[in-house]
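Here's the letter readout for the chains.
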Amino acid sequence: RASAPADKRGADRDLGRSLDKLAGIHLQAGDSKAALEAVDQAIAIFAELATDATDAEAQKDLAAAKARRAAILMNRGNTGKALEDATESLATRQKLSGAAPDDAGRQRDLAAGLDALAGLQLLTGKTKEAVANAERLLAFRKELAAKLPDQPEVKRELADAYKRLGEVHLERAQVTKARDVYREGLAELKKLAEEDDKSVTAKAELAAMYGRRAQAQ
């Protein structure tokens, strides 16, 4: 399919990204209807751009917008469509990740997609699927942390993966597994807090993880 002129594609891309950002602002403000309207427009733009199979940026933007719409739809109680969007977003991110295995950004996007889908599955009672994706998420973020040892955000995301898996285990009444996972997550956060003893975020997350482990006692 012939693509639009570069200047028009660039303008459309900027508009789509602005609409996607606006959707997030509306959602934070509690206006899910306006958020849905904005993200729907963004997705329509990105979907058109993504008809050019060589446009990886359009594919990435489309996956991100669908992930946002999944969160918006979940907020509005449309769980079926939310899961559909999250699954489609993850599939696109999987494809992009496979095409560029050394691109840390794409790998982190894939992990974020796994986390989002596991979270939605947990909220909708699909705990078997949630635990599979949470376990996959943890394994993947361990690999990323090993490849990117100097990036604190990657380490924090690894701790979040432990938290996600612990949540799923607790929901499935697998208390011992949850406790073990939280213990490992605490070890990661302790290392992160020691590496940056001025990080308020790391200390807050460490305290939160202690609270979660207490729930698994």
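My aim in this report is to walk through the structure given alongside it, one point at a time. Not measured: the values here are computed from a predicted model. (Residues numbered from 1 in each chain as written. Predicted model: local features only at pLDDT ≥ 70, side-chain atom pairs only at ≥ 80, totals over all residues. Heavy atoms only, no water.)

Before going further, it helps to spend a moment on the overall build of the chain. Summing up its helical and strand segments, the chain has 9 helices and 0 strands in all. When the helices and strands of the chain are placed in sequence order, the string is α-α-α-α-α-α-α-α-α. Here the C-alpha radius of gyration of the chain, 19 Å, is about what a compact globule of 217 residues would show, namely 17 Å. Projected onto the principal axes, the alpha-carbon positions of the chain cover approximately 60 × 40 × 30 Å. Across the 217 residues of the chain, 45% fall into the buried class. In the chain, once contacts between residues fewer than 6 apart in sequence are set aside, the share between residues at least 24 apart is 57%. (Helix = DSSP H or I, 4+ residues; strand = E, 2+ residues; numbered from the N terminus. Rg over C-alpha atoms; globule rule 2.2 N^0.38 Å. Buried < 20%, exposed > 50% of the residue type's maximum accessible area, 1.4 Å probe, protein only. Contact = heavy atoms within 4.5 Å.)

Before going further, it helps to examine helix 6 (residues 127-147). Each turn of an α-helix holds 3.6 residues, which means side chains three or four residues apart point in the same direction. Here helix 6 contains 21 residues, and its C-alpha end-to-end distance of 30 Å stays within 8% of the 30 Å for a straight helix at 1.5 Å per residue. Every buried residue of helix 6 is listed here: Thr127, Ala130, Val131, Asn133, Ala134, Leu137, Leu138, Phe140, Arg141, Leu144 and Ala145. Summarising the contacts, the buried residues of helix 6 are in contact with helix 5 (104-123) and helix 7 (152-171). (Expected span 1.5 Å × (residues − 1).)

Counted at 1.5 Å a residue, the expected span for helix 4 (residues 79-99) with its 21 residues is 30 Å, and the 30 Å between its end C-alpha atoms agrees. Residues of helix 4 that are buried in the fold lie against helix 3 (56-75), helix 5 and helix 6.

A separate point is the environment of Ala11. Mapped onto the elements of the fold, Ala11 is located in helix 1 (residues 6-28). Residue Ala11 is classed as partly exposed on the basis of its relative accessible area of 45%. The sequence separation of Ala11 and Thr124 amounts to 113 residues, and the corresponding C-alpha distance is 38 Å.

With that settled, consider the pattern of salt bridges. This model, assessed by the stated rule, comprises 21 salt bridges. With a closest N to O distance of 2.7 Å, Lys8 and Asp12 form a salt bridge. With Lys8 and Asp12 both in helix 1 and 4 residues apart, this pair spans about one turn of that helix. Under the relative-accessibility criterion, Lys8 is labelled partly exposed at 45%. Between Arg9 and Asp55 there is a salt bridge, with the nearest N and O atoms lying 2.5 Å from each other. Placement of Arg9 in helix 1 and of Asp55 in the loop between helix 2 (32-49) and helix 3 is noted, with a sequence separation of 46 residues between them. The class for Arg9 is buried, based on a relative accessible area of 9%. Classification of Asp55 by relative accessible area gives buried; the value is 9%. One continuous salt-bridge network, built from bridges that share partners, spans Asp40, Arg69, Lys81, Glu84 and Asp85. (Salt bridge = Lys/Arg side-chain N within 4 Å of Asp/Glu carboxyl O.)

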